[in-house]
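# Working through the structure, step by step
As a plain string of letters, each chain reads:
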Amino acid sequence: MDIFKLLGFAVIATVLIVVIKEQRKEIALILSVFTAIAIIAYAMTQMSGVITMLESLIEKSGISKDFMLIIFKVIGIAYLVEFGKNICMDAGQSAIATKLEMAGKVMIVVLSVPLINALLSVIAGMV
Amino acid sequence: MDIDLLFKIAGIGILVAVLNQVLSKAGREDQAMMTTLTGLIIVLMLVISQISNLFETVRTVFKL
C-alpha cells in the first residue's frame, strides 16, 4: 500500500479543487468525486487479498457459508453508502445524504433477517 | 490512481472557466453557457467510466 502515492494524489487533487472551486463549482465537485473513486479503487484492490484470507479462515472455523456472504454484503453496502453520503455532504445536499444513509440501513436490516432467524432458533433451542 | 486523468479534468475545468470569462466579457452569454455545458459533459464522460469499474470491483470483492 504505497501511502506516499496516495497522499500525493489526495493533496494535489485538493489543491486543484480549491483552484477550480470559485469559477466552476460543478467541475470541482466532479473532481472530488473522481479523487474519492480513484483512492477507493486503489484501496479495494488491496482489499480482495484480505477477503480471500477471511473466507478461508471462516471456512475452517465451521461457520456456514451463507452467513459469511451476508456479512460481506453488509460490509459492502455500508462502504458504498458511506461513499455516497460523503459525496452528497460535500455538495451540500445533506438531505439526500441522510435519506441515502437511511435506505442503506434498511437494506442492511433486510439482508440480516435470516441471521436474526437463525439466532432466535438457536436461543429457542437452548431454552 | 492515474494522476493524468486528474490533471486532464482539472485542465478542462480551468479551460472552461477561462473561456467562460472571455465569452461573457465579449457579451456572448449564451455561448459561455454552452462551453460550460460541454466542459461538464466531457468531464462527466471521463468520470463515469471510472465509477463503473469501481462499482464492478466492489461487486466482485464483496460479492454483492
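That block above? That's the structure.
Below or above, wherever it landed, is the structure these notes cover.

Cut-offs and rules
- Residues numbered from 1 in each chain as written.
- Chains lettered and ligands numbered in written order.
- Predicted model: local features only at pLDDT ≥ 70, side-chain atom pairs only at ≥ 80, totals over all residues.
- Heavy atoms only, no water.
- Helix = DSSP H or I, 4+ residues; strand = E, 2+ residues; numbered from the N terminus.
- Rg over C-alpha atoms; globule rule 2.2 N^0.38 Å.
- Contact = heavy atoms within 4.5 Å.
- Buried < 20%, exposed > 50% of the residue type's maximum accessible area, 1.4 Å probe, protein only.
- Polar contact = N/O pair within 3.5 Å; in protein donor to acceptor, adjacent residues only side chain to side chain.
- Phe/Tyr/Trp six-rings, centres within 6.5 Å; stacked < 30°, edge-to-face > 60°.
- Salt bridge = Lys/Arg side-chain N within 4 Å of Asp/Glu carboxyl O.
- Buried area = accessible area lost by both parts, 1.4 Å probe.
- Nonpolar A, V, L, I, M, F, W, Y, C, P; charged D, E, K, R; others polar.

### Section: the overall build of chain A
For chain A, the count of helices and strands is five helices and zero strands. The order of α-helices and β-strands along chain A, N terminus first, is α-α-α-α-α. Its C-alpha radius of gyration of 20 Å places chain A more than 25% over the 14 Å reference for a compact globule of 127 residues. Restricting to contacts in chain A with at least 6 residues of sequence separation, those with at least 24 account for 55%.

### So, the environment of S56(A)
Residues and elements named next belong to chain A. Relative to the elements of secondary structure, S56 occurs in helix α2 (residues 25-61). Residue classification places S56 among the partly exposed positions, given a relative accessible area of 32%. Through-space distance from the C-alpha of S56 to that of I75 is 18 Å; in sequence the pair is 19 residues apart. Polar contacts involving the side chain of S56 include one to the main-chain carbonyl oxygen of M53, which spans 2.6 Å.

### As for unusual backbone geometry
Positive phi outside glycine occurs at K63(B), with the angle close to 50°. Within the element layout of this structure, K63(B) appears in the segment after α2 (29-62).

### Structural notes on the packing of aromatic side chains
What characterises a pair of aromatic rings is the spacing of the ring centres plus the angle enclosed by the ring planes. Evaluation of the coordinates by the stated rule reveals two aromatic pairs over all chains. Where Y79(A) meets F62(B), the ring centres are 6.3 Å apart and the plane angle is 45°; that geometry is what we call tilted. Residue Y79(A) is found in helix α3 (residues 65-90), and its partner F62(B) is found in helix α2; the two belong to separate chains. Here Y79(A) falls in the partly exposed class, since its relative accessible area comes to 36%.

### Let's talk about the pattern of salt bridges
Residues and elements named next belong to chain A. Enumeration over the complete set of coordinates arrives at seven salt bridges over all chains. Here E101 ties to K105 by a salt bridge, and the two come within 3.7 Å at their closest N and O atoms. Of the two residues, E101 and K105 are both situated in helix α4 (residues 94-111); the distance of four residues between them amounts to about one turn of the helix.

### What to know about the interface of chain B and chain A
The partner chain A presents 36 residues to the 30 residues of chain B that form the contact. For the pairing of chain B and chain A, the buried interface totals around 3000 Å² over both sides, and the portion due to carbon and sulfur atoms is 89%. For the chain B face of the interface with chain A, the top three residues by lost area are M1(B), L6(B) and F62(B), together amounting to 28%. In this assembly, chain B and chain A are joined by one salt bridge. On the surface where chain B and chain A come into contact, there are one residue pair in polar contact (both at pLDDT 80 or more). Where the side of chain B that touches chain A is concerned, the elements lending two or more residues are α1 (3-25) and α2 of chain B. The dominant element in the side of chain B that touches chain A, judged by the number of residues it contributes, is α2(B), at 14 residues. Here the residues of the side of chain B that touches chain A are counted per class, giving 21 nonpolar, seven polar and two charged.

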